[in-house]
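Observations on the three-dimensional arrangement
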Amino acid sequence: MMGVLRWLLWRDLTLAMRRKAEVLTALFFFVIVVSLFPLGVGPEMDTLSEIGPGVLWVAALLASMLSLNRLFADDYADGTLEQLLLSSQPLPMVVLSKVLAHWLVSGFPLVLISPVLGMQLGLDWESLVILVVTLLLGTPVLSLIGAVGAGLTLGVRGGGVLLSLLVLPLYIPVLIFGAGAVEAARSGLGADAHVSLLGAFLVLALLLAPWGGAAALRISLD
Amino acid sequence: MLEAEGLVCERGDRILFANVGFRLNAGELLHVKGVNGSGKTSLLRMLCGLVAPAAGEIRWRGENIRKQKEEYNRELLYIGHQAGIKAELTALENLKLSCALNDAGIDDDQAWRALGDIGLGGREELPSKVLSQGQQRRVALARMLVSRAPLWILDEPFTALDVKAVAQLEQVLGAHLQQGGYIVLTTHQNFTLSQGRLRMLHLGPSPESGP
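Residues numbered from 1 in each chain as written. Chains lettered and ligands numbered in written order. Predicted model: local features only at pLDDT ≥ 70, side-chain atom pairs only at ≥ 80, totals over all residues. Heavy atoms only, no water.

Concerning the sheet that holds strand E3 (residues 28-34) of chain B
Across a sheet, strands are paired by hydrogen bonds formed along the backbone, either parallel or antiparallel in direction. Residue and element names in this part refer to chain B. As a reminder of what qualifies: In this analysis, strands are considered paired if DSSP registers two or more bridges between them. Only DSSP runs of H or I reaching four residues or more are called helices, and only runs of E reaching two or more are called strands; each is numbered from the N terminus. Axes here mean lines fitted to C-alpha atoms, for a helix over just the part in contact, with angles spanning 0 to 180 degrees between N-to-C directions. Contacts are assigned to residue pairs that have any heavy atoms within 4.5 Å of one another.
Pairing is parallel in the open sheet, where 5 strands are placed in the order E6-E7-E8-E3-E9. Here the strands that pair on one side only, and so sit at the sheet edges, are strand E6 (76-79) and strand E9 (197-203). Adjacent strand axes in the sheet meet at a mean angle of 15 degrees when their direction is disregarded. In this sheet, strand E7 (residues 151-155) lies alongside E6 in parallel orientation, the contact comprising 4 bridges. The residue of E7 that forms the bridge with Leu76 is Leu151. Docked against the sheet, helix H5 (residues 133-146) engages E6 and E7, running at close to 165 degrees with respect to E6. Along the sheet face, helix H6 (residues 163-178) touches E3, E7 and strand E8 (182-186) and points at about 145 degrees away from the line of E8.

Here you go:
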């Protein structure tokens, strides 16, 4: 079983490496949006560090949504998605490994670059650590929830807008607790509760989203 | 044995076909015929389990295919009318990948030999996007040379192939039937079978959808 999933992961990562532009889009978007804020809001460190957690989290959320509609669309267009549905592995596992590949390509780079951008907005050391931790817990949730939406809007014209409308409401709790955790750390209140809740979101999404995504794909390909 | 009974296919509020049934034994090929839009592809996708029939049942070895999803998939080779290969991957990678996804991994030697046999010698390591339509088709069909699945479901396998490749494909189909395989295919082209038994299934417009 692991063999099949390893092949699937290899496939998606190889494809991403051969289409670098797509990988870099999300990352550049994240960097540019966050860098625009000091230019727009002004260079006062106090203001910047106050809005910093929210700005970083909103930008990360939008950046990870940017590539979401590509999650299954390419495979759908060239017929390989049908082959994946006919593979000898349970479909939820296939969905999970595709989500993992998507996160490694479009979510994980955001986590890696976030401390640099956090410094740019004047966040202190402790906030930066919490920022990385919350993004590490939160961005996989975004990819997992997004997979259900991407599966449902597959093959729909104008699916991109519909996808945003579907998943954004579900992203809100992640955004609130993610940004809230960094804000709490910044003001010295301690972010434990927020981080625990994000962890709970991740566990819940890991349990439910692969099955939801699999059901969505079956409906879309019927 | 592959059996279908009373299959009904609905698309929107139209009934594409109704009450379709057949029984396919080892060593037999079912040729599904019908005009464009008569539901041939829908029937094949139904037989794969991709489309749920509105009514009726499909049984593989006596059991409904919806109850044996992964086990059924392992015994099934489906080549749709899209080639189902990735443009960025090489022919070799595509072939190895599609075999591995069905738990029937092959080593490099087998993959090289299959691609050579199907007439892609020298192009094994080119990205599939630079291959012609017919060559891309051959990459997909190369799976048939290495497949261990007993049931083959092929949607228009002869499309975009040249005369020589069609003859080769006929041979491969014959050999599979001789080994006790099952084949369901659609095609508008004429083909000859050297071995195995040929059966026909004609999908006509259903009475309800007449003008």
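Section: the sheet that holds strand E1 (residues 2-11) of chain B
All names here are of chain B. Within the open sheet, the 4 strands sit side by side as E2-E1-E4-E5. Their pairing is antiparallel. The sheet is open, and its two borders are formed by strand E2 (14-24) and strand E5 (63-64), each paired with just one other strand. The pairing of E1 with E2 spans 7 bridges and is antiparallel. Note that in E2 the partner of Cys9 across the bridge is Phe17.

Notes on the confidence of the model for chain B
In low-pLDDT segments, the atomic positions of the prediction should not be examined closely. All names here are of chain B. What counts is decided by this rule: For every residue, the predictor reports its confidence as pLDDT, a number between 0 and 100.
Predicted confidence across chain B gives a mean pLDDT of 86, with 97% of residues reaching 70 or more. Across residues 206-211 the pLDDT falls below 50, and counting only partners more than four positions away or on other chains, this stretch makes 5 contacts in the model. Model confidence for the complex is summarised by a pTM of 0.88, with the ipTM given as 0.85.

With respect to helix H4 (residues 108-117) of chain B
All names here are of chain B. To keep it simple, the criterion reads: Throughout this description, buried means an accessible area under 20% of the type-specific maximum (1.4 Å probe, protein chains only), exposed means over 50%, and partly exposed covers the range between. Here the arc refers to the set of directions running from the helix axis out to each C-beta atom.
Among all positions in H4, only Ala111, Ala114 and Leu115 are buried. Buried residues along H4 cover an arc of 95 degrees about the axis, so they all sit on one side. Exposed positions of H4 whose direction lies more than 90 degrees from the buried face are Asp109 and Arg113. Next to the buried residues of H4 lie helix H3 (91-100) and H5. At the exit of H4 stands Gly119, carrying a positive phi of roughly 90 degrees.

Considering the environment of A:Ala200
Residue and element names in this part refer to chain A. Along the chain, Ala200 falls in helix H10 (residues 192-221). Exposure remark for Ala200: the relative accessible area of 42% places this residue in the partly exposed category. Along the chain, Ala200 and Ser164 lie 36 residues apart, while their C-alpha atoms are 23 Å from each other.

A look at the side chain of B:Asp155
All names here are of chain B. This is how the line gets drawn: In the analysis that follows, any N or O atom pair within 3.5 Å is treated as a polar contact, provided that within protein one partner can donate a hydrogen and the other can accept it, and provided that, for residues neighboring in sequence, both atoms belong to side chains.
For Asp155, the location among the structural elements is in strand E7. Side-chain polar atoms of Asp155 contact the side chain of Thr41, separated by 2.9 Å. Not counting chain neighbours up to four residues away, the residues in contact with Asp155 comprise Thr41, Leu44, Tyr78, Ile79, Gly80, His81, Arg137 and Thr186.

Examining the pattern of salt bridges
Operational definition: Salt bridges are defined as contacts in which a side-chain nitrogen from Lys or Arg sits within 4 Å of a carboxyl oxygen from Asp or Glu.
Counting across every chain of the model gives 21 salt bridges over all chains. A salt bridge links A:Asp12 to A:Lys98, with the nearest nitrogen and oxygen atoms 3.1 Å apart. Taken as a pair, A:Asp12 in helix H1 (residues 2-18) and A:Lys98 in helix H6 (residues 91-106) lie far apart in primary sequence, 86 residues in all. Both residues of the pair, A:Asp12 and A:Lys98, count as buried. The salt bridge involving B:Lys96 is made with B:Asp108; its shortest N-O contact spans 2.8 Å. With B:Lys96 in helix H3 and B:Asp108 in helix H4, the pair connects residues that are 12 residues apart, well separated along the chain.

Here's the deal with a nonpolar patch on the surface
Residue and element names in this part refer to chain A. Here is the rule: Only residues whose relative accessible area exceeds 30% and that form no salt bridge enter a patch; like-charged residues are grouped when within 9 Å of one another, and nonpolar side chains (Val, Leu, Ile, Met, Phe, Trp, Tyr) when within 5 Å. Note on areas: Shrake-Rupley with a 1.4 Å probe; residue coverage comes only from the protein chains shown.
Taken together, the side chains of Leu152, Val156, Val161, Leu162, Leu165, Leu166 and Ile219 present a nonpolar region at the surface, about 650 Å² in accessible area. Looking at which element gives the most residues to the nonpolar patch, the answer is helix H9 (residues 159-186), with 4 residues. Secondary-structure assignment places Leu166 in helix H9.

Digging into the state of the cysteines
Residues and elements named next belong to chain B. Note the following rule: Note on terminology: disulfide denotes any pair of cysteine sulfur atoms within 2.5 Å.
Across all of its chains, the model carries 0 disulfides over all chains by this definition. Sulfur of Cys9: no disulfide; nearest cysteine sulfur belongs to Cys48 and is 13 Å away. The closest cysteine sulfur to the non-disulfide-bonded Cys99 is located on Cys48, 16 Å from its own sulfur.

What about the environment of B:Asp162?
All names here are of chain B. With respect to the element layout, Asp162 can be found in the loop between E7 and H6. As a C-alpha pair, Asp162 and Asp117 span 45 residues in sequence and 15 Å in three-dimensional space. At 2.8 Å, the side chain of Asp162 forms a polar contact with the side chain of Arg138. A polar contact is formed between the side chain of Asp162 and the backbone nitrogen of Ala165, at a distance of 2.8 Å.

Examining the nonpolar core
Our working rule: Nonpolar cores were defined as sets of buried Ala, Val, Leu, Ile, Met, Phe, Trp, Tyr and Cys residues, with membership established by side-chain atoms within 4.5 Å.
Counting residues in each nonpolar core, the largest one holds 93 residues, and the members touching the most others are A:Phe30, A:Phe72, B:Leu2, B:Phe17, B:Leu43, B:Ile153 and B:Val184. It is helix H8 (residues 125-152) of chain A that contributes the most residues to this core, 11 residues altogether. In this view, B:Val184 contacts B:Leu2, B:Leu24, B:Leu30, B:Val32, B:Leu44, B:Leu47, B:Trp152, B:Ile153 and B:Leu154; residues no more than four positions away in its chain are not counted.

Observations regarding H9(A)
For an α-helix, 3.6 residues make a turn, and residues three or four places apart therefore share a direction. All names here are of chain A. Rule in force here: How far a helix is expected to stretch is found by multiplying one less than its residue total by 1.5 Å. Bend is the name given here to the angle between axes fitted to two runs of seven residues, the run ending at a residue and the run starting at it.
Taking 1.5 Å of rise per residue, the 28 residues of H9 would be expected to cover 40 Å, and the 39 Å separating its terminal C-alpha atoms lies within 8% of that figure. Where H9 bends most, the angle comes to about 40 degrees, and this point is Leu168, followed within four residues by the proline Pro169. Within H9, the full set of buried residues consists of Gly159, Leu163, Val167, Tyr171, Val174, Gly178, Ala179, Gly180, Ala181, Val182, Ala184 and Ala185. Packing partners of the buried residues in H9 comprise helix H3 (45-66), H8 and H10. After H9 finishes, the residue Gly188 shows a positive phi value of roughly 80 degrees.

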